[in-house]
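# Per-entry structural report
What follows is each chain in one-letter form.
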Amino acid sequence: MIASTPASWTPWTDRAGRISFIKLATLLGLLAPAMWMIAEWRLGWLSPKPTGDLVRESGDWAMRILVLSLVVTPLRYVARFNRAILVRRMVGLAALFYTLLHIALWCLDLHFEWLRIATELVLRLFLTVGLVATLLMVALGVTSNDWSIRKLGSAGWNRLHSWVYVATLLSLIHYFMEVRLDASEAALMCGLFMLLMSFRQIRKRATPGFLNLMLAALVCSVGAGLIEALYYKLSTSVNISRVLMANFDVSYRVSPALWVLGAGLAVAVLANLRARFGPKPARAARA
Ligand code: HEM
C-alpha cells in the first residue's frame, strides 16, 4: 500500500504524491471556463445584464462537463485508456462546482430574495427539474471519496453513482425546457449522452467490436438529428423535413447529428486501433 503523503491530496498529484501530467492538464482545462467568466465580467465584455449572461454560461459549462464526466468509463473500456480513471472524480466534482455556481449566480440575479427563489423553484417546472438533478449531483459529490467507497462497498458505491445518468437526463430536460431560439447545443448534448449510454450497453453485452460501435454512432447521430427536428417542430412552425435535411448541409454549420457521428466513428476507430496494437486487456487493467 502506498503511504498517503500530504502532497497526494492535491488535485494535480497522483496517490504517491508525484505530479501527474494528465491530472494537472485536466485541472487547468476545468478551471479555464471559470477564469474566462471572471475575465469577461471584470473587463466588461458581457451584456448590460451580466449576471443573466453568467447564469447561462455557467449552466452551459455545467452541462458540458457533466457529459464529459460520462466519457471516462467508455474511454477505459472501449478504447482501453485506463489512465482516464485518474481524472474521473475531478471531472465529476467540476460538473458539480459549475452547477452550484450556476445556481448561486441565479440567486444573485434574484437579489437573494429567498421567498421568490423558493416560489420559482416550486412553480416553474424547468427549475424544479434542475433542482432534482442538482440534489442528485450533490449526493454523488459528497460520496466521491475513498471513505464512502469503503463504507458502501464497491458494488453499492457503483450502484449509487449510476444515478449520474438520471441526473444527466434531468439536466438535459431542464436544458431543453429552457431553450428559446437555438437548440443545436442541447441536441448535441443529447446525442452525445445517447452515444455514451449505448457504449455502456455494448460493454455490458459484448466486447466492443468495430461494427457495434459504428452502428451505435449511426443510430445516435440520427437520434440527435430527430431530437433537434422534433424540438423545432413543436416550438415553431418550421417544416420537420427541412430541419432534417439541414443536418446534411455543412455550408453554414456542422450539425449536432454530424458531430455525434464524428465522435462515435472516432471512438470506433480508436477502439479498433487499440485492440490491434495496444496493450492486451489484462495488462491494460493492471496498468
Ligand atoms: C436548482 C437548480 C437549477 C436552477 C435554479 C437553474 C436555473 C436556471 C435558469 C434560471 C436558467 C435560464 C437562464 C436564462 O435563460 O436566463 C437555466 C438554464 C440552464 N441551465 Fe440551469 N438551473 C439549475 C440546475 C441546472 C443543472 C443541474 C444543469 C446541468 C448540469 C443546468 C444547466 C443549464 C443549462 C445548460 C441552461 C441553458 C443555458 C443557455 O441557455 O445557454 N442547470 N438554469
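Our structure's up above, just so we're on the same page.
Within each chain, residues carry numbers counting from 1 in the order of the written sequence. A pLDDT threshold of at least 70 governs which residues receive local features in this predicted model, and a stricter bar of 80 or more applies before side-chain atom pairs are shown or counted, although totals over entire chains, interfaces and linings include all residues. As a rule here, side-chain values come from all non-hydrogen atoms in the structure, and water together with hydrogens is ignored.

### Observations regarding the coordination of the iron atom of the ligand
For a metal bound by four donors in a tetrahedral arrangement, the ideal donor-metal-donor angle is 109.5 degrees, while six donors in an octahedral arrangement ideally sit at 90 or 180 degrees. Think of the donor list as every N, O and S atom within 2.8 Å of the metal, or within 3.2 Å for Na, K and Ca; water never makes the list, so a site can look incomplete. Bound to the iron atom of the ligand on the protein side are H102 (NE2) and H174 (NE2), at distances that span 2.0 Å. Geometry at the iron atom of the ligand is octahedral, judged from its 6 donor atoms and the angles of 85 to 179° they form at the metal. One end of the pair, H102, is in helix α4 (residues 88–109); the other, H174, is in helix α8 (residues 164–178), with 72 residues separating them in the sequence. A residue is classified by how much of its surface remains accessible, and H102, at 18% relative accessible area, is buried. Geometry assignment treats four donors as tetrahedral when all angles are between 85 and 135 degrees, treats four as square planar and six as octahedral when opposite donors are over 155 degrees apart and all others between 65 and 115, and treats everything else as irregular. In DSSP terms, a helix is any run of H or I states spanning at least four residues, a strand is any run of E spanning at least two, and both are numbered starting from the N terminus. Only protein chains enter the calculation, and the probe is 1.4 Å; a residue is then buried if its accessible area is under 20% of its type maximum, exposed if over 50%, and partly exposed in between.

### Some points on the packing of helix α1 (residues 21–42) against α4
Contact pair α1 / α4: the axes reach a minimum separation of 11 Å and the direction vectors enclose 10°. By the criterion of interaxial angle, the relationship of α1 to α4 is roughly parallel. Where α1 approaches α4, its residues K23, T26, L27, L30, L31, P33, A34 and M37 are matched on the opposing element by M90, V91, A94, F97, Y98 and L101. Residues that form the contact of α1 with α4 fall into these classes: 12 nonpolar, 1 polar and 1 charged. Think of each axis as a best-fit line through the C-alpha atoms, taken over the contacting stretch in the case of a helix, with angles from 0 to 180 degrees between the N-to-C directions. For this classification, under 35 degrees means roughly parallel, over 145 means roughly antiparallel, 65 to 115 means roughly perpendicular, and everything else is oblique. In what follows, a contact means two residues having at least one pair of non-hydrogen atoms within 4.5 Å. Lys, Arg, Asp and Glu make up the charged group, whereas Ala, Val, Leu, Ile, Met, Phe, Trp, Tyr, Cys and Pro make up the nonpolar group; the residues left over, Gly among them, are polar.

### Topic: the site of the ligand
Contacts to the ligand come from 23 residues, most closely from R56, D60, H102, H174 and E178. Here a polar contact is recorded for every N or O atom pair within 3.5 Å, except that within protein the pair must consist of a potential hydrogen donor and a potential acceptor, and residues adjacent in sequence are included only if both atoms are side-chain atoms. Here a nitrogen atom of the ligand sits 2.7 Å away from a polar atom, N or O, in the side chain of H102. At a separation of 3.1 Å, an oxygen atom of the ligand approaches a polar side-chain atom of R180. Among the secondary structure elements, those contributing two or more residues to the shell around the ligand are α2 (50–69), α4, α6 (125–142) and α8. By residue number, the principal contributor to the shell around the ligand is α2, which donates 7 residues. If a single non-hydrogen atom of a residue is within 4 Å of a molecule or strand, that residue counts as near it.

### Description of the packing of helix α5 (residues 114–123) against α6
The contact between α5 and α6 brings their axes to 5 Å, and the two run at 95°. Considering the angle they form, α5 stands roughly perpendicular to α6. For the pair formed by α5 and α6, the contact residues are E120, L121, V122 and L123 on the first element and L125, L127, T128 and L131 on the second. Of the residues that constitute the contact of α5 with α6, the class distribution is 6 nonpolar, 1 polar and 1 charged.

### Things to note about the side chain of S69
Residue position: S69 is located in helix α2. A residue is classified by how much of its surface remains accessible, and S69, at 11% relative accessible area, is buried. If near-sequence neighbours (up to four positions away) are discounted, S69 is found in contact with V91 and G92.

### Quick look at the nonpolar core
Take the buried residues of types Ala, Val, Leu, Ile, Met, Phe, Trp, Tyr and Cys, join any two whose side-chain atoms come within 4.5 Å, and each joined set is a nonpolar core. Formed by 51 residues in total, the largest nonpolar core has its most connected members in M63, I65 and W106. Looking at this core, the elements that each hand over two or more residues are α1, α2, α4, α6, α8, α9 (184–205) and α10 (210–235). Per-element tally for this core: the top contributor is α4, with 9 residues. Residue ranges for the domains trace back to a domain assignment, done automatically or taken from a database. Lining this core are residues from two domains, each supplying at least three of them: domain 1 (12–178) and domain 2 (183–287). Excluding residues within four positions of it along the chain, M63 makes contact with T168, S171, L172, Y175 and M189. Judged by nonpolar contacts, the second largest core, of 13 residues, contains V78, I202, A217 and A268.

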